[in-house]
Amino acid sequence: MEIILKQDVNGLGHKDDIVKVKNGYANNYLIPQGYAILATESAKKVLAENIRQRAHKEAKIRQEASALAAKIEGITVKVAAKVSESGKVFGSVGTIQVGEALAAAGIEIDRRNITLEGGEAIKELGTSAASVKIYKDIKAAFNVEVIAAE
């Protein structure tokens with residue numbers, strides 16, 4: 001069954017994408033929850049007109065996202081954490097702390113868009129890789145340096 005997504009759905013697609021899903025998934029979950037509508041001919045025409053009108057706005061958003069990605073790309077963010085005498089971090093450094101460190105550097109990013117190397121929190125001193133999803137397909141990689149708090 002073809003449907004038009006009304007909002008982003010993880011693992012399926014972005015807003016206004018036309019996707020094929022199984023009938024039960026569409027009829028029992030996506031459509032009742034308001035995540036999608038049926039992709040009829042008239043709905044596709046309305047979607048095409050909306051996309052055409054939104055193209056100019058999207059170009060501006062993409063330009064801003066690219067500028068932010070260029071600003072983030074390759075920087076090193078320092079995060080202070082309490083450590084034991086052997087150099088192990090008490091607890092861990094997660095996306096919350098990395099997001100706060102980026103905010104302190106003047107870059108506001110939602111922490112849910114930050115991905116740490118290996119998908120897990122950082123538990124040792126040193127430098128680790130991370131990336132941030134800024135817009136649909138625009139990502140930026142940066143480094144996170146965990147240092148000992150004083």
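Definitions and limits used
Residues numbered from 1 in each chain as written. Predicted model: local features only at pLDDT ≥ 70, side-chain atom pairs only at ≥ 80, totals over all residues. Heavy atoms only, no water. Helix = DSSP H or I, 4+ residues; strand = E, 2+ residues; numbered from the N terminus. Rg over C-alpha atoms; globule rule 2.2 N^0.38 Å. Buried < 20%, exposed > 50% of the residue type's maximum accessible area, 1.4 Å probe, protein only. Contact = heavy atoms within 4.5 Å. Pairing = 2+ DSSP bridges. Axes fitted to C-alpha atoms, helices over the stretch in contact; angles between N-to-C directions. Salt bridge = Lys/Arg side-chain N within 4 Å of Asp/Glu carboxyl O. Phe/Tyr/Trp six-rings, centres within 6.5 Å; stacked < 30°, edge-to-face > 60°.

**Comments concerning the overall build of the protein chain**
In step 1: When its secondary structure is counted, the protein chain shows 3 helices and 9 strands.
In step 2: Mapped in sequence order, the helices and strands of the protein chain form the string β-β-α-β-α-β-β-α-β-β-β-β.
In step 3: Taken over C-alpha atoms, the radius of gyration comes to 20 Å for the protein chain, far larger than the 15 Å a tight globule of 150 residues would show.
In step 4: Relative to its 150 residues, the protein chain shows a buried fraction of 28%.
In step 5: Of the contacts formed within the protein chain by residues at least 6 apart in sequence, a portion of 51% connects residues at least 24 apart.

**Examining the pairing of strand E4 (residues 76–81)**
In step 1: Residue alternation in E4 divides its side chains into a buried set, Val 77, Val 79 and Ala 81, and an unburied set, Thr 76, Lys 78 and Ala 80.
In step 2: Inspection of the sheet shows E4 paired to strand E9 (residues 138–148) by 6 bridges, in the parallel sense. Among the inter-strand pairings, Ala 80 is bridged to a residue of E9, identified as Ile 147.

**Comments concerning the sheet that holds E4**
In step 1: The strand order E4-E9-E8-E6 describes an open sheet built from 4 strands, whose pairing is mixed. Looking at strand neighbours, the two that pair on one side only are E4 and strand E6 (114–116), the edges of this open sheet. For this sheet the average axis-to-axis angle between neighbouring strands, irrespective of direction, equals 35°.
In step 2: The pairing of strand E8 (residues 126–135) with E9 spans 9 bridges and is antiparallel. Looking at the pairing, Lys 133 lines up with Lys 139 of E9.

**Some details on the pattern of salt bridges**
In step 1: In total, this model carries 7 salt bridges according to the counting rule given.
In step 2: Here Glu 2 ties to Lys 44 by a salt bridge, and the two come within 2.9 Å at their closest N and O atoms. With Glu 2 in strand E1 (residues 2–5) and Lys 44 in helix H2 (residues 41–72), this pair connects stretches of sequence that are 42 residues apart.
In step 3: For Glu 2, a relative accessible area of 30% translates into the label partly exposed.
In step 4: With a shortest N-O distance of 4.0 Å, Glu 58 and Arg 62 are connected by a salt bridge.

**Concerning the packing of aromatic side chains**
In step 1: Counted by the stated rule, this structure contains 2 aromatic pairs.
In step 2: An aromatic cluster of three or more residues is present, and its members are Tyr 25, Tyr 29 and Tyr 35.

**A few points about the environment of Leu 38**
In step 1: With respect to the secondary-structure elements, Leu 38 resides in strand E3 (residues 36–38).
In step 2: The class for Leu 38 is partly exposed, based on a relative accessible area of 42%.
In step 3: For the pair Leu 38 and Ala 26, spaced 12 residues apart in the sequence, the C-alpha separation amounts to 8.5 Å.
In step 4: Excluding residues that lie within four positions of it along the chain, Leu 38 makes contacts with Met 1, Glu 2, Ile 4, Ile 31 and Ala 43.

**A few points about the sheet that holds E1**
In step 1: Taken in spatial order, the 3 strands line up as E2-E1-E3 in an open sheet, and their pairing is antiparallel. Unpaired on one side and paired on the other, strand E2 (18–20) and E3 mark the two borders of the sheet. Neighbouring strand axes in the sheet, compared pairwise and without regard to direction, differ in orientation by 40° on average.
In step 2: Sitting on the sheet, H2 touches E1, E2 and E3, and the angle it makes with E1 is about 30°.

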